Amino acid sequence: MRKELLDQLRKITDEEQKILDGENQVDRELYASGYVLKSSQFTVDSAKMLEEGKLITARTHTRFVRFPQHRHNYIEALYVCEGSLTNIIGEQEVVVKKGELLFLNQFTWHEILPAQENDIAINFIMLPEFFDVAYTMTGKNNVLADFLVNILRRDEQRGEYLYFKVSDNLQIQNLLENMIYSLVTGENNDSRINQTTMGLIFMYLVDSIQSVQTCRPDQYENMISMTTLNYIEQKYRSATLTELGAELRLPIHTLSRLIKKSTGHNFKELLQRKRLSKSVQLLCDTDLPVSDIIASVGYENNSYFHRVFKERYGMTPHAFRVKNRETGQVRI
């Protein structure tokens, strides 16, 4: 990160100065509305943190004090610019280090141990609709990205997080620095640009899926779903439930049940979604004959492909290609 930006983020805030002057706890009135003073837990309110009409803002994490157990009615992303920050999420300690990124879904209870002067972190505060552009850019052509984005867009009190160890990914680091600069300085602070930047970040995060750690109510089911989606993403041309079962050392009927429970779709549906979305990309972006596209995405039966394509998109592949080139607005 550029030294001048880091120096700006390192400055002691008014809130931190009060803590250094003797305040030994977080001033909850800065974060919450209508909280119970005696309660050890509280909800940070987006109305306190975001200007009206804004979908995102960024602020430096408050140092020198333990941030007590709390949750948010918005999505928070924590990025560490320097040092580290220790979160306690449920009973799990998550130490986010320099260059790493932690997404916390709405209503995820957590607390943060005191950060020291050289532990510099940024809190991105985002409403769920901020991710609409990221979803459009990544989720509709990528079942794994769809899964990740929808974890964050979900309006449930399940308490989920995504922790990405991506400090060595220069593309992600550069994109995050650009977002921080625009949000903190106000220069080029355009909502659409920020949303598109987040979409690009998610595209790179999907490519770094091996670096993600998640917390869901059932960690084993989460492992199954992530492994399944990653397997389909990488091997959609030849993927089979039998091969995946052999890799995971699970009986087919057990694996099938777990996939359905954890993703809401069976293996065949997930594989078909990926193959069809890839075929749409090839129809729109190449001049390959439809028969070649069918073979390239893994279908052996042309008649079957035409039937499922028409069921999904309401037209034949040829008609889809023609309409897309006429309007550029039918990619689904």
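The numbers attached to residues start from 1 for each chain and follow its sequence in the written order. Per-residue local features of the predicted model are confined to residues with pLDDT of at least 70, and side-chain atom pairs are confined, for both listing and counting, to 80 or more; whole-chain, interface and lining totals are unaffected and use all residues. Think of the side-chain values as coming from all heavy atoms in the structure, minus any hydrogens and water.

Considering the pattern of salt bridges
Rule in force here: A pairing counts as a salt bridge when a side-chain nitrogen of Lys or Arg comes within 4 Å of a carboxyl oxygen of Asp or Glu. Each helix is a run of DSSP H or I of at least 4 residues and each strand a run of E of at least 2, with the numbering of both proceeding from the N terminus. Three exposure classes are used, based on accessible area relative to the maximum for each residue type with a 1.4 Å probe and protein chains only: buried under 20%, partly exposed in between, and exposed over 50%.
A complete count under the given rule lists 10 salt bridges for this structure. Among the salt bridges present, the one from Arg 63 reaches Glu 16, with a minimum N-O distance of 2.8 Å. Linking Arg 63 in the loop between strand 2 (56–60) and strand 3 (67–72) with Glu 16 in helix 2 (residues 14–20), this pair joins segments that are 47 residues apart in sequence. We classify Arg 63 as buried; its relative accessible area is 2%. Glu 16 sits in the buried class, given a relative accessible area of 1%. Among the salt bridges present, the one from Glu 233 reaches Lys 274, with a minimum N-O distance of 2.8 Å. Here the residue Glu 233 occupies a position in helix 8 (residues 219–235), and Lys 274 occupies one in helix 11 (residues 267–285), the gap between them amounting to 41 residues.

Structural notes on the side chain of Ser 46
Stated formally: Any pair of residues with heavy atoms lying within 4.5 Å of one another is described as a contacting pair.
Relative to the assigned elements, Ser 46 resides in helix 3 (residues 46–49). Among the residues examined, Ser 46 registers a relative accessible area of 15% and is labelled buried. When residues no more than four places from it in sequence are discounted, the contact partners of Ser 46 are Asn 73, Tyr 74 and Leu 127.

Observations concerning the sheet that holds strand 3
For clarity, the cut-off: Following DSSP output, two strands are said to pair if at least two bridges run between them. Between the N-to-C directions of two axes lies an angle of 0 to 180 degrees, each axis being a line fitted to C-alpha atoms and, for a helix, fitted only over the stretch in contact.
Read from one edge to the other, the open sheet built from 5 strands follows the order 1-3-8-5-6, with strand pairing classed as mixed. Strands with a single pairing partner mark the edges of an open sheet, and in this sheet they are strand 1 (42–44) and strand 6 (92–97). Adjacent strand axes in the sheet meet at a mean angle of 40° when their direction is disregarded. As defined by bridge partners, strand 1 adjoins strand 3 across 3 bridges and the pair is classed as parallel.

Concerning the nonpolar core
Test applied: Residues grouped as a nonpolar core are buried Ala, Val, Leu, Ile, Met, Phe, Trp, Tyr and Cys residues, joined through side-chain atoms within 4.5 Å.
Among the nonpolar cores identified, the biggest contains 33 residues, and Phe 103, Phe 124, Met 126, Phe 131, Met 198 and Leu 205 are the most heavily contacted of them. Listed by contribution, the elements that provide at least two residues to this core are helix 1 (3–10), strand 2, strand 4 (75–82), strand 7 (101–104), strand 9 (120–126), strand 10 (161–164), helix 6 (170–185) and helix 7 (191–207). Counting residues per element, this core draws most heavily on helix 6, at 6 residues. Residues contacting Leu 205, with those up to four places away along its chain left out, are Leu 101, Phe 103, Phe 164, Val 166 and Ile 172. The next biggest cluster of nonpolar side chains, apart from the first, holds 31 residues, and it includes Leu 229, Leu 258, Ile 259 and Phe 305.

Focus: the confidence of the model for the protein chain
Note the threshold: A residue's pLDDT is simply how confident the predictor is in it, with values from 0 to 100.
Mean pLDDT over the protein chain stands at 86; residues scoring 70 or higher make up 87%. No element of the protein chain has a lower mean pLDDT than helix 5 (residues 143–153), which averages 64, and none a higher one than strand 9, which averages 96.

A few points about unusual backbone geometry
For Phe 64, which is not glycine, the phi torsion reads 75° and is therefore positive. With respect to the element layout, Phe 64 can be found in the loop between strand 2 and strand 3. Phi is positive for Phe 107, close to 70°, though the residue is something other than glycine. By the secondary structure assignment, Phe 107 is in the loop between strand 7 and strand 8 (110–112). Look at Phe 107 and you get buried, because its relative accessible area is 17%.

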